[in-house]
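One-letter residues, chain by chain:
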Amino acid sequence: MAASPSSTVDPSRRQYDVFLSFRGADTRHSFTCYLRDFLRRKGIDAFIDEELRRGNDLSRLLERIEQSKISIIVFSENYANSAWCLEELAKIIECKKTFDQVVLPVFYKVPTCDVRYQTGSFGAPFKRSEKIFEGFEQRIPAWKEALRAASDIAGYVLPERSPECEFVDKIAKETFKLLNKLSPSEIRGLPGIESRMMELEKLMCLEETSCVRIVGVLGMAGIGKSTVADCVYKRNYGRFDGYCFLANVHNESKLHGLDHLQHKLLRKLLDEENIDVGAPEGAHEALKDRLRNKKLFIVLDDVTNENQIRLLIGKEGKDLYREGSRIIITTRDKKLLEKVVNETYVVPRLSGRESLELFCLSAFSSNLCATAELMDLSNKFVDYSKGHPLALKLLGSDLCQRGKLYWIRKMERLQRRPDGKIQEVLKMSYEELCPEEQSIFLDVACFFRSEKLDFVSRILSTYHIDASNVINDLTDKCLVTISDKRLEMHDLLLTMGKEIGYESSIKEAGKRSRLWDQEDICRILKYKTGSAEIRGIFLDMSNVETMKLSADIFTRMLSLKFLKFYNSHCSKWCENDCRFRFPDGLDCFPDELVYLHWQGYPLDYLPLNFNPKKLIDLSMRYSSIKQLWEDEKNTGELRWVDLSYSKDLLNLSGLLEAHKLERLNLECCTSLAKCSSIQQMDSLVLLNLRDCINLKRLPKSINLKSLKTLVLSGCSKLKKFPTISENIEFLYLDGTAVKRVPESIESLRKLAVLNLKKCCRLLHLPDTLCKLKSLKELILSGCPKLENFPDIHEDMGSLEILLMDDTAIKQTPRTICMSNLKIFSFGGSKVQDFKGLELLPFSGCSRLSDMYLTDCNLYKLPDNFSCLSSLQSLCLSRNNIENLPGSIKKLNHLKSLYLKHCQKLISLPVLPSNLQYLDAHGCISLETVAKPMTLLVVAEKTHSTFVFTDCFKLSRDAQENIVGHTQLKSQILANGCLQRNHKGLVLEPLTAASFPGNDLPLWFRHQRMGSSMETHLPPHWCDDKFIGLSLCVVVSFKDYEDRTSRFSVICKCKFRNEDGDSISFTCNLGGWNESSGSSNQEEPRRLSSDHVFISYNNCFHAKKSHDLNRCCNTTASFKFFVTDGKAKRKLDCCEVVKCGMSLLYAPDENDYRLQGLHESNLEKADEAVVSKRVRFCLQEEELMNRKRVKEEISFSDYECSVTSVLSYMEPPKPNPWK
């Protein structure tokens, strides 16, 4: 009988593990019996032909051979006496040749050569073949060939008088390994299982045989703990002498008891059916010696309490087992593992790809095509399941063979109610919780998901329950997680929690404990059907219609602890429309309230009868409240109060007893004139009074010991510097009327941030400023009356940011000791120093990274400017500088240099090598730039943009130097990319430059008027030396005013070959981006003339669809446009009037011009670029005849000659721009 096609192709689908071929008279009750027993101990199904031989059915026997994964042939002395055995052998060899069946020959006390050549006693039957094989004479040649083939296979040889036990064990282990390879445990239908198995096996340290290891597998219900453990078990149990997978311990112990499970485990491990273990507590101790005789592999699946672990693996734990043994425990409770395991593997959710694959395996049968519409719906179900394997399987199975309409309705039902089967599985975890844990779990699910852990712990704690401990227990049981100090929960658990709350009273919403549904809540409030069962109400009022409500709506809700009315559509209450009206006011709030949030509270006062003795959090943003209470209330538990934007609030009466208050937010309470109640708030950490424009003073002679942050920004009537806490860390006084900072500020030893921005009346800073050793930020920007900055005699080692722009300070102090200063701004401060800014005070600021000196009336910079070795950004815009010091090139970390509107600047020296952005806009006197413009290095990786807009005096040589320098730098960058095999898409240009002009360089072979062009490329344009494109445009500006501080020229490129294949990509020709380095008040850039934008772009990705060895015609199209970075809108006041393109190539590896390129000679390399580019224009015909024949420009065609010691003689320069 022929084998089924699937079995011949896939060994893992064959029915039997091993077929044993042997001579019964020789080994049936000895060697073969032992071998079969060892195989079965390792879980291997070994087929022996006992029953078939009785029926003398050879065809069925041969069918079993075809259906086996491995055949083991036991050659013994009389094996060849049996025609039946020889027929088995011939069939086995046929299966090996036909579908590569694995064959293991075992030479049991017979020489291999006797089998191969049919000699000795083994070959004796062939000498009397007429008699012994009567009727089978025609089969003898096939048998002999099979014997020779079997002898050529590497097998096992057992000589005479050799011990059989170890020999048989070796064969069994090798067979197990082979079966694992033939039937990999990456089981179909379990995407992602292999990686999870490997993680678990890594923790098990299977190769380490000198210890016993116990590993926990942890995760929420249905996440795949049992599946991962089972797969690891099946792949590895053959390594062990004894093994047992004890499935579903929790349910099995309920049904049959733990004693039964213990007996089952020990019987399996010790391979003994009638084992007497005695009392369960002492069973392992009694069998200790026998357990230690074996290397064991045990899996306890779904363990839920400590007693199960103690009885099943023994209270002595690892000490009971032999070295090399491994135990896996799967559970949902982390606490059970803490004192037992060596490591814990937390099973992760499935990734998006894995989730979709698993869902599709369940949802689409082999005969159902997954249409585009069903795949869209599939993604929705995958998103709903959030990587939960069981949910994906259950949903997929339910949808299998169903129509599209059923899928749609199923998704609609899931939006309202959870799937019953998923709910049933997850609910088991909930039912195992104690009442306190259940209550807090439901509170988190219904109300407090994604809230801060500390906040939720305080809100949910009572006199009897510490919520933080309960939340820790829920975390251990995989029901909640903590991420970034916030409480999180899997979406399916969240849905389960809400469904449990709903099921508590399906028909009467007023009897449910937790309410969040808009319709249910509005109905309860309207008809006053609330009850003492209600624990919390959270109502999103964004879609609620205006309602008139009775004053006694909360009277019956005696147990209400959490009340929140909010608008999810607009947190700022822009509509200013309170949906609830109370014509008769509000009688009361329940005294049990712990959490009260009411955005836009419509009344002037809180209810008189409300006793807030348990209130912890009070938030009434955008409310109409004028004062909380007329009389003082018991607010001893209050921790957080937010009354921000309550513009009618007059005072803080009622909060005098709020001794535990930690945060008080009164931002934009514009009617608030005093806040005397804060005097007793010793626990206050944050006080926000921003934009309380009528607040004139804070209480005198108070010291709020816990206060760390005080915000008084925008309190425009506050005149006196507040000293209400010696422990203050963050003090914001920007926009206040403070005139003097007192000498006593030195007492603020912990002050880290002092913001005095736009204190228009500030006149004086104290000499004791240097005593603030913790100060990190000092902001004095926009203080127009501040004329002096005190000498800093003592090192302010913590200060990192000092902003002094737009002040009346005319000179820097004589001494500034700020060793850690990183950002310094002095813009707009008219320095009375015509010789140069005195940088001596900054000589110790070796960490200064950003310096902004815009509009400081500077005429020069000192030569010791290079002492600022860490400087990364330097802004010198709007100064009177004529030349920069040559030492600026030593600022090796400088990335950005702003020189805008330096109208007296004549020339630029060599700039630092790492410069990424140079903006010299409006330098109307600038004529020359250095050669090279920046230092270059061989390992160049820095992309650069050079902006020279409105630099109308730039000489032609200077323009050529700018272009030549960008070309050389681009070559070095591109060459480095080639050497690093960088093939990625780089949208930004390697280098870019812009300057005034109305024409393109002549060496751009492809030029067109307008903003687009199309050209045909040479057949072999895309070879291994191609690196990118040089793009150039002329942009005409007509009264252009840049309001966004961003401008870019973009090119959309498309390469299409004659086969119709195409690739599209976008290149950036540069522009400017003033997100940093400029003052907010700086006037916008204005342009009214034509400018040239040129860039060199890496375009390796253009090769990906092009056969380098094929002659193929290619058409390239380019469309150029300008954008201001905000939208893809066309800018009316500027347009591209001319464009050009050239292909760029790297030089040949043996090109002498780039050999010997060293950092020391790169300065001179740039000088030759212009000359070579000119020479290219004049010698075009000569270049076309070179070895590398290209229509396009190659870097090697115009780059400089470079040797180890460069020498250069500048030839006459014709004008290539004409």
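By convention here, each chain's residues receive numbers from 1 onward along its written sequence. In keeping with the predicted nature of the model, local features appear solely for residues at pLDDT of at least 70, side-chain atom pairs appear and are counted solely at 80 or more, and the whole-chain, interface and lining totals rest on all residues. Only hydrogens and water are set aside; all other atoms, that is, all heavy atoms of the structure, feed into the side-chain values.

**Q** Got a minute to help me understand the side chain of Asn1068 in this structure?
**A** Its location among the elements puts Asn1068 in strand β42 (residues 1062-1073). Per-residue accessibility, obtained with a 1.4 Å probe over protein chains only, is compared with the maximum for each type, and a residue is labelled buried under 20%, exposed over 50%, and partly exposed between these values. For Asn1068, a relative accessible area of 9% corresponds to the buried category. Polar contacts, as used here, are pairs of N or O atoms within 3.5 Å; protein pairs need one atom able to donate a hydrogen and one able to accept it. Residues neighboring in sequence count only if both atoms are side-chain atoms. For Asn1068, the side chain forms a polar contact with the main-chain nitrogen of Gly1070, separated by 2.7 Å. The helix count covers DSSP runs of H or I at least four residues long, the strand count covers runs of E at least two residues long, and both are numbered beginning at the N terminus.

**Q** Teacher, can you tell me more about the packing of helix α20 (residues 372-385) against helix α22 (residues 404-416) here?
**A** The description of two helices packed together rests on the angle between their axes and the distance between the axes. As a packed pair, α20 and α22 sit with axes 11 Å apart at the nearest point and diverge in direction by 25°. Overall, the two elements α20 and α22 adopt an arrangement that is roughly parallel. The handedness of the crossing between α20 and α22 is left-handed. In contact with Glu373, Leu374, Leu377, Ser378, Lys380, Phe381 and Tyr384 of α20, α22 contributes Lys404, Trp407, Ile408, Lys410, Met411 and Leu414. Residues were grouped as follows: Ala, Val, Leu, Ile, Met, Phe, Trp, Tyr, Cys and Pro as nonpolar; Asp, Glu, Lys and Arg as charged; and all remaining residues, including Gly, as polar. Its residues assigned to classes, the contact of α20 with α22 shows eight nonpolar, one polar and four charged. To obtain each axis, a line is fitted to C-alpha atoms, and for helices this fit is confined to the stretch in contact; angles are then taken between N-to-C directions over 0 to 180 degrees. Orientation labels follow simple angle bins: below 35 degrees gives roughly parallel, above 145 gives roughly antiparallel, 65 to 115 gives roughly perpendicular, and whatever is left gives oblique. Crossing chirality is assigned from the near helix's rotation relative to the far helix, an anticlockwise turn below a right angle marking it left-handed and a clockwise turn marking it right-handed. Here, two residues are considered to be in contact whenever any of their heavy atoms come within 4.5 Å of each other.

**Q** Could you clarify how one ought to interpret the nonpolar core in this entry?
**A** Generally speaking, nonpolar side chains in soluble globular proteins are found buried as a group. Buried Ala, Val, Leu, Ile, Met, Phe, Trp, Tyr and Cys residues form a nonpolar core when they are joined through side-chain atoms within 4.5 Å. Counting 149 residues, the largest nonpolar core has Phe554, Phe580, Phe589, Leu689, Phe789 and Phe948 as the members making the most contacts within it. At the level of elements, α28 (518-527), β14 (536-540), β16 (562-566), β18 (595-598), α29 (956-979), β36 (991-996), β39 (1026-1037) and β44 (1090-1098) are the ones that each hand at least two residues to this core. Of all the elements, α28 adds the most residues to this core, at four residues. Look past the residues within four positions of Phe589 in its chain and what remains in contact with it is Phe554, Leu563, Leu596, Trp598, Tyr601, Leu606, Pro607 and Phe610. Within the second largest apolar cluster, 137 residues are counted, among which are Val18, Phe31, Leu300 and Val444.

**Q** Explanation requested: α22 in the structure shown.
**A** Side chains of residues three or four places apart in an α-helix project in the same direction, reflecting 3.6 residues per turn. One less than the residue count of a helix, multiplied by 1.5 Å, gives the span that helix is expected to have. If you check α22, its first and last C-alpha atoms are 19 Å apart, about what 13 residues at 1.5 Å a residue would give, namely 18 Å. Here α22 has its buried residues at Trp407, Lys410, Met411 and Leu414. On an axial view of α22, the arc spanned by its buried residues comes to 95°, and they lie on one face. When the buried face of α22 is taken as reference, the exposed residues oriented beyond 90 degrees from it are Leu405, Gln415 and Arg416. In this fold, the buried residues of α22 make contact with α19 (352-363), α20 and α21 (389-399). What the arc measures is the spread of directions leading from the helix axis to the C-beta atoms.

**Q** Hey, could you run me through the packing of aromatic side chains in this one?
**A** The relation between two aromatic rings is expressed through the spacing of the ring centres and the mutual angle of the planes. Geometry of aromatic contacts follows a simple scheme: Phe, Tyr and Trp rings, the Trp one being its six-membered ring, pair when their centres are within 6.5 Å, and the pair is stacked under 30 degrees between planes, edge-to-face over 60, tilted otherwise. Under the counting rule described, the total for this entry stands at 56 aromatic pairs. Geometrically, the ring pair formed by Phe176 and Tyr237 is edge-to-face, given 5.1 Å between the ring centres and 70° between the ring planes. Note that Phe176 is positioned in helix α11 (residues 164-182) and Tyr237 in the loop between α13 (225-236) and β7 (242-246), a separation of 61 residues in sequence. With relative accessibility at 6%, the residue Phe176 sits in the buried group. Ring geometry for Phe1037 versus Tyr1040: centroids 5.4 Å apart, planes at 55°, classification tilted. You'll find Phe1037 and Tyr1040 in the same group, each marked buried. Clustering of aromatic rings is evident, with ring pairs tying together Phe554, Phe565, Phe580, Phe582, Phe589, Trp598, Tyr601, Phe610 and Trp629. Two conditions define a charge located above a ring, namely a distance within 6 Å from the ring centre to NZ of Lys or CZ of Arg, and an angle within 35 degrees of the ring normal. Here the basic side chain of Lys564 rests over the ring of Tyr566, its NZ or CZ set 5.1 Å away from the ring centre. If you follow Arg1085 out to its NZ or CZ, it ends over the ring of Trp1072, 4.3 Å from the centre.

**Q** Got a minute to help me understand the pattern of salt bridges in this structure?
**A** Side-chain pairing between opposite charges can occur once the charged atoms of the two side chains come close. The salt bridge definition used is simple: a Lys or Arg side-chain nitrogen within 4 Å of an Asp or Glu carboxyl oxygen. Counted by the stated rule, this structure contains 47 salt bridges. A salt bridge links Glu357 to Arg353, with the nearest nitrogen and oxygen atoms 3.5 Å apart. With Glu357 and Arg353 both in helix α19 and four residues apart, the pair spans about one turn of that helix. Arg639 is the partner of Glu662 in a salt bridge, and the nearest nitrogen-oxygen pair spans 3.8 Å. With Glu662 in the loop between β20 (640-642) and β21 (663-665) and Arg639 in the loop between β19 (617-619) and β20, this pair connects stretches of sequence that are 23 residues apart.

**Q** Is there a simple way to think about the packing of helix α24 (residues 435-448) against helix α27 (residues 491-503) in this case?
**A** Relative to each other, α24 and α27 sit at 110°, their axes nearing to 8 Å. On the basis of their axis angle, the class for α24 and α27 is roughly perpendicular. Facing α24, whose interface residues are Phe441, Leu442, Ala445 and Cys446, α27 presents Leu493, Leu494, Met496, Gly497, Lys498 and Ile500. Classifying every residue of the contact of α24 with α27 gives eight nonpolar, one polar and one charged.

**Q** It is not clear to me how the pairing of β39 should be interpreted in this structure. Could you clarify?
**A** Two faces belong to every sheet, and in a regular strand the side chains alternate between them. For β39, the buried fraction is high: twelve of the twelve residues fall into the buried class. In terms of strand pairing, β39 meets strand β46 (residues 1134-1145) through eleven bridges, oriented antiparallel. Directly across from Gly1028, in β46, lies its bridge partner Leu1144. Of the pairings in the sheet, the one linking β39 to β44 comprises nine bridges and is antiparallel in character. The partner of Val1033 across the bridge, within β44, is Phe1093. Paired strands are those between which DSSP finds at least two bridges.

**Q** Got a minute to help me understand helix α3 (residues 31-41) in this structure?
**A** Listing the buried residues of α3 in full gives Phe31, Thr32, Leu35, Phe38 and Leu39. Looking straight down α3, one finds that the buried residues subtend no more than 125° of arc, so they occupy a single side.

**Q** Explain the environment of Tyr622 here, please?
**A** Inspection of the secondary structure puts Tyr622 in the loop between β19 and β20. Given a relative accessible area of 15%, Tyr622 falls into the buried group. Along the backbone, Tyr622 and Trp598 are 24 residues apart, and their C-alpha atoms lie at a distance of 9.0 Å.

**Q** What is the right way to look at the sheet that holds strand β41 (residues 1046-1057) in this model?
**A** The strands making up a sheet associate through backbone hydrogen bonding, with each pair oriented either parallel or antiparallel. Pairing within the open sheet is antiparallel, and its four strands lie in the order β38-β45-β41-β42. The two strands at the open ends of the sheet, each matched to only one other strand, are β38 (1012-1017) and β42. Recorded for the sheet is a direction-independent mean angle of 20° between the axes of neighbouring strands.

Read these as geometric descriptors, not functional statements.
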